[in-house]
Each structure stands twice: as C-alpha cells, then as structure tokens.
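This is what each chain is made of:
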Amino acid sequence: MNGILESAGIDPFYLFVVLFLIQFVLLILLIVLNSRYRKLQRSYSAFMRGRNGKNLEKAIFRKFDELDELSEQVAENKAEIEKIVKKAQSHYQKTGIVKYDAFHEMGGNLSFALTMLDRDNNGWIFNAMHSREGCYTYIKEIVNGQSYIELSEEEQQCLEKAIYQEEYDIRDVKEKKE
C-alpha cells in the first residue's frame, strides 16, 4: 500500500489526518442526529401518552368537528356584521351644532342649529331660535348635503360642520391645545 501512495505522491500521514477529521465530523453529526431523534421521540411519547390508534382517531375527528363548528360561527358572524353595517349606513352618523344669539338682545347664545346626517349626507337641520317672547323651531330637510330651502349663516355653518365633521374635530383639538 505504501508503494501505491508513494507512486501517487501522497504522504500516508496526511491521509491519516484527513480520515481522522472525516471520522470526527461524522461523530459530531451522529451526536446531533441522536439528540434530535430523542427529542422527537419524547414529543411523540407525550403526544401518544394514554392513547391508542382508536383514541387518537377520535381525538382528531373531535378537533375536525370543532373546526367545522368554528367555521359555521364565523360565517354567521360575517352575515350578522354585514347586516349591522347595512343598517348603520342608514342611521345618522354625522352631527353638527352651532350655538348663536338669534336676535342679538338676549345674550348667552341660547339659540342653536343642530344637523343630523347619514353617511350619504341626507338628514335634517333643526333650528331653535330663542327670544324674549318665546322659542321658535324650524326643521329643514337635507338631501345629498343640500337644502331646497335657503339656509341661514348659522344653519350653513352647522351643515358644513356635520359634513366635514372630522376636519372640525381636528381644528377643535388644535384650538384647545393652543
């Protein structure tokens, strides 16, 4: 054998070192694989503890039944949520209120205009004008953000406040901070 290695120009010491390193790497791989196998065997034993094939099959079918029930509940919830969203779209979602002194004699801004609109800006403006002689109330219909009856300055401001509610809320927050 020595003659073969010498004719090939390989020193037997280097061959021995390479084989030793390969054997060392294989030993490390064996240890790693063995530890992974033991871990897998422990988790399998814990999973199968007290169960045979029939019990395991029953448990799996029970879980599938639970999944089917959950799926049905999700479908029911989805349908209910869609109903709620459809109903909510027709309810009043936007409001605006402006207080003012209608006759410039009372003080205290006892008069007010109140706007209630749905998602499509349909609704009404309720205007209560307070004076020394009494309180006068008016309702004006709003369709698509417009009134067919002329609006007072306060009613127009109230309508805009309801339509652009988010912008007014942001402005109010900024004014409070300042």
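Preceding this section is the structure that the text describes.
Just so it is clear, the structure is predicted and the values come from calculations on it, not from any experiment.

### Quick notes on the overall build of the protein
Alright, step 1. The helix and strand inventory of the protein stands at five helices and five strands.
Alright, step 2. Scanning the protein from its N terminus toward the C terminus, one meets helices and strands in the order α-α-α-β-β-β-β-β-α-α.
Alright, step 3. Counting every position in the protein, which comprises 178 residues, the buried fraction comes to 18%.
Alright, step 4. Nonlocal contacts in the protein, meaning residues at least 24 apart in sequence, comprise 42% of its contacts between residues at least 6 apart.
Alright, step 5. Here the protein has roughly 14,700 Å² of accessible surface; of this, 58% comes from carbon and sulfur atoms.

### Quick look at the pattern of salt bridges
Alright, step 1. All told, the structure shown has four salt bridges when counted by the stated rule.
Alright, step 2. Two residues, Lys63 and Glu66, come together in a salt bridge whose shortest N-O distance is 3.8 Å. Taken together, the positions of Lys63 and Glu66, both in helix H3 (residues 53-90) and three residues apart, correspond to about one turn of that helix.
Alright, step 3. The closest approach of N and O atoms between Asp120 and Arg119, which form a salt bridge, is 3.6 Å.
Alright, step 4. Given the relative accessible area of 40%, Asp120 is considered partly exposed.

### A short note on the side chain of Asn121
Alright, step 1. Mapped onto the elements of the fold, Asn121 is located in the loop between strand S2 (111-117) and strand S3 (123-130).
Alright, step 2. A polar atom in the side chain of Asn121 sits 2.8 Å from the side chain of Lys94.
Alright, step 3. Discounting residues that sit within four places of it in the chain, Asn121 has contacts with Lys94, Ile142, Val143, Asn144, Gly145 and Ile163.

### Comments concerning the pairing of strand S1 (residues 94-100)
Regular strands place their side chains on alternate faces of the sheet.
Alright, step 1. The two faces of S1 differ: Lys94, Gly96, Val98 and Tyr100 on one face are buried, but Thr95, Ile97 and Lys99 on the other face are not.
Alright, step 2. Across seven bridges, the pairing between S1 and S2 is antiparallel. The partner of Thr95 across the bridge, within S2, is Met116.

### A few points about the environment of Asn144
Alright, step 1. Tracing the backbone shows Asn144 in the loop between strand S4 (135-143) and strand S5 (146-147).
Alright, step 2. For Asn144, a relative accessible area of 54% translates into the label exposed.
Alright, step 3. Placed 27 residues apart in sequence, Asn144 and Leu117 show a C-alpha to C-alpha distance of 9.3 Å.

### Focus: a positive patch on the surface
Alright, step 1. There is a patch of like positive charges on the surface, built from Arg36, Arg38, Lys39 and Arg42.
Alright, step 2. When you line up the elements, Arg38 lands in helix H2 (residues 12-48).

### A closer look at a negative patch on the surface
Alright, step 1. Residues Asp65, Asp68, Glu69, Glu72 and Glu76 make up a contiguous surface patch of negative charge.
Alright, step 2. Checked against the element boundaries, Asp68 lands in helix H3.

### Overview of the pairing of S4
Alright, step 1. Two elements, S3 and S4, share eight bridges in a ladder whose sense is antiparallel. The residue of S4 that forms the bridge with Met129 is Tyr136.
Alright, step 2. Counting the residues in the hairpin turn of S3 and S4 gives four residues.
Alright, step 3. Sheet analysis places S4 next to S5, joined by two bridges and oriented antiparallel. Bridge assignment links Ile142 to a residue of S5, and that residue is Ser147.
Alright, step 4. Where S4 folds back on S5, the antiparallel hairpin that results is connected by two residues, among which Asn144 adopts a positive phi of roughly 55 degrees.

Reading the values: rules and limits
Residues numbered from 1 in each chain as written. Predicted model: local features only at pLDDT ≥ 70, side-chain atom pairs only at ≥ 80, totals over all residues. Heavy atoms only, no water. Helix = DSSP H or I, 4+ residues; strand = E, 2+ residues; numbered from the N terminus. Buried < 20%, exposed > 50% of the residue type's maximum accessible area, 1.4 Å probe, protein only. Contact = heavy atoms within 4.5 Å. Areas by Shrake-Rupley, 256 points an atom, 1.4 Å probe, with all protein chains shown as cover. Salt bridge = Lys/Arg side-chain N within 4 Å of Asp/Glu carboxyl O. Polar contact = N/O pair within 3.5 Å; in protein donor to acceptor, adjacent residues only side chain to side chain. Pairing = 2+ DSSP bridges. Patch = residues over 30% accessible without salt bridge, like charges linked within 9 Å, V, L, I, M, F, W, Y side chains within 5 Å. Lys, Arg positive; Asp, Glu negative; His and termini not counted. Charge placed at Lys NZ, Arg CZ, Asp CG, Glu CD.

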